[in-house]
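# Structural description and commentary
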Amino acid sequence: MKLKIPKIPKIEMFGIDIIKNMLFFTLFVVVFLILLGILVAPSIKMFKLQKREYYITKRQADKIETHLEDKTYEYQKLYKENRKVIFALKREFDKDNFKMFTKKYMDILSIKDKNISVYNKNFIKKTYIVSAKLNTPTDFYQFVDMSKNYKNILKIYFPIVFKAKNGDIKLIYKLEHFKVK
Amino acid sequence: MYSFTRANKKSFFAEDTKLWLIFISAVSALMILFASFLFIEALFYKSDIKELKTQIIDNNKKIEDFTKKIDFIKQEKQLYTKISVNNELLKDGVKNLLDLIPDPITLTNIKIEKKSLYIYGVTPTKEVYNVLLLPPLKSIFTTTTTHFYQMENGWYRFESVNILKEEQ
């Protein structure tokens, strides 16, 4: 038995094959929709998603950047303001230099090391016992006033002993030197 | 048989078929190009996002470092201020104590500790000491004990021990 495929009737209008063109148009629509569904739509979706994420991340990055600028400025300002203290806390204590510094107020007879301890986790406290000779207690007050201008951070502490000796005053005091650990 | 006309070259596709095929191919190519463009742009965004995220992590680390440094400088400043105030208070304390000593009394030794004061000196009479020096010492310290030792010239050598209790 022979299978006979029905022949599509040829309808022409001004010499244009209407059926063939309709089929091509359908093919065009199908191809267009397939490409749109498979390629263009996912690309647009992906593009939009990435663009959105980019701007969210960018906003976040800008915010952090501004925060960093603020922190940098704050640090630089603080560093500039406290430069003297920062450097003073890095320096070692020099006994000879200290003797020179106090010469105007007292004659240092001896500086004895007492102990070393950790202060507030980040600092080292070295304790010395200073024995000196001075003329009047006023020299001691002036020395305490001027100690804040010294290159080290020094704390003058108890016990403080004033002893009259041959017209002079013998002074003994505890001196604490603070340094960054 | 012989024909007087030359045979026309017959195309595999008809003219309108060719037009349709070219049109469909062109539209498809444009769509593929457009999709590729968007895909590449999305990839660029993705790469920028990655870069920004790295930048965020770095900047956060820097902020953390700066915060630590700032805190440390504040600690250093606080320590300096505390020591300065302490020295100032110590100076004023010593000055005030020495100012307490009246003219007729001469000191030979004075030991100042955090919670106690030891004074050794000479006074012409016990009354001078009791009237001029004892009251201010009593007003400052919790307990005040004084011992007098008479000297050959009639004056008195004294030892004064003054203690401040913990609560004060």
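We now turn to the structure provided with this report. What you see is a predicted model, and the numbers here were worked out from it, not measured in a lab.

Bringing the overall build of chain A into the picture now. Scanning chain A from N- to C-terminus turns up 4 helices and 6 strands. For chain A, the succession of helices and strands along the chain, N to C, is β-β-α-α-α-β-β-α-β-β. Here chain A has a C-alpha radius of gyration of 45 Å; the compact-globule value for 181 residues is 16 Å, and the former is much larger. Across its three principal axes, chain A shows a C-alpha extent of roughly 145 × 40 × 20 Å. When each of the 181 residues of chain A is scored for burial, the buried share is 15%. Taking contacts inside chain A between residues at least 6 apart in sequence as the whole, the part at least 24 apart equals 55%.

All names here are of chain B. Summarising the element assignment, R157 is placed in strand β4 (residues 156-163). Remark: the alpha-carbon pair of R157 and V27, spanning 130 residues in sequence, is separated by 119 Å. If we ignore the near neighbours within four places in the chain, the residues touching R157 are V122, Y149 and M151.

To continue, consider the interface of chain B and chain A. Of the residues lining the interface, 53 residues belong to chain B; the matching set on chain A comes to 55 residues. Residue assignment for the side of chain B that touches chain A shows that the elements contributing at least two residues are α1 (15-100) and β1 (106-112) of chain B. For the side of chain B that touches chain A, the element with the most residues is α1(B), which contributes 45 residues. Residue composition of the side of chain B that touches chain A, grouped by class: 28 nonpolar, 11 polar and 14 charged. Pairing analysis gives 4 bridges linking strand β5 (residues 153-165) of chain A to β1(B), with the strands arranged antiparallel. From the neighbouring strand, A:F162 faces β1(B), where its bridge partner is B:I110.

Let's shift gears to helix α2 (residues 126-140) of chain B. Its 15 residues place the ends of α2(B) 20 Å apart at the C-alpha level, agreeing with the 21 Å of an ideal helix rising 1.5 Å per residue. The largest bend along α2(B) reaches roughly 45 degrees and is located at B:L134, with the proline B:P135 sitting one to four residues downstream.

Conventions and cut-offs
- Throughout, residues of each chain are indexed from 1 in the direction in which the sequence is written.
- Chain letters start at A and ligand numbers start at 1, both assigned in the order the entries are written.
- In view of the model being predicted, local features appear only for residues whose pLDDT reaches at least 70, and side-chain atom pairs are presented and counted only at 80 or more, with totals across whole chains, interfaces and linings using the full set of residues.
- Secondary structure elements are taken from DSSP: a helix is a run of H or I of four residues or more, a strand is a run of E of two residues or more, and numbering for both begins at the N terminus.
- Computation of the radius of gyration draws on C-alpha atoms, with the globule rule given as 2.2 Å multiplied by the number of residues to the power 0.38.
- Buried means a residue has 20 or more other C-beta atoms within 10 Å of its own C-beta, exposed means 12 or fewer, and partly exposed covers the counts in between; C-beta atoms are placed from the backbone.
- Once C-beta atoms are placed from the backbone, any two residues with those atoms within 7 Å are in contact.
- Under the grouping applied here, Gly and all other residues not named as nonpolar or charged are polar, the nonpolar ones being Ala, Val, Leu, Ile, Met, Phe, Trp, Tyr, Cys and Pro and the charged ones Asp, Glu, Lys and Arg.
- Here a strand pair is declared whenever DSSP counts at least two bridges between the two strands.
- Any helix carries an expected span of 1.5 Å times its number of residues minus one.
- Here the bend at a residue is taken as the angle between two axes, fitted respectively to the seven residues that end there and the seven that start there.

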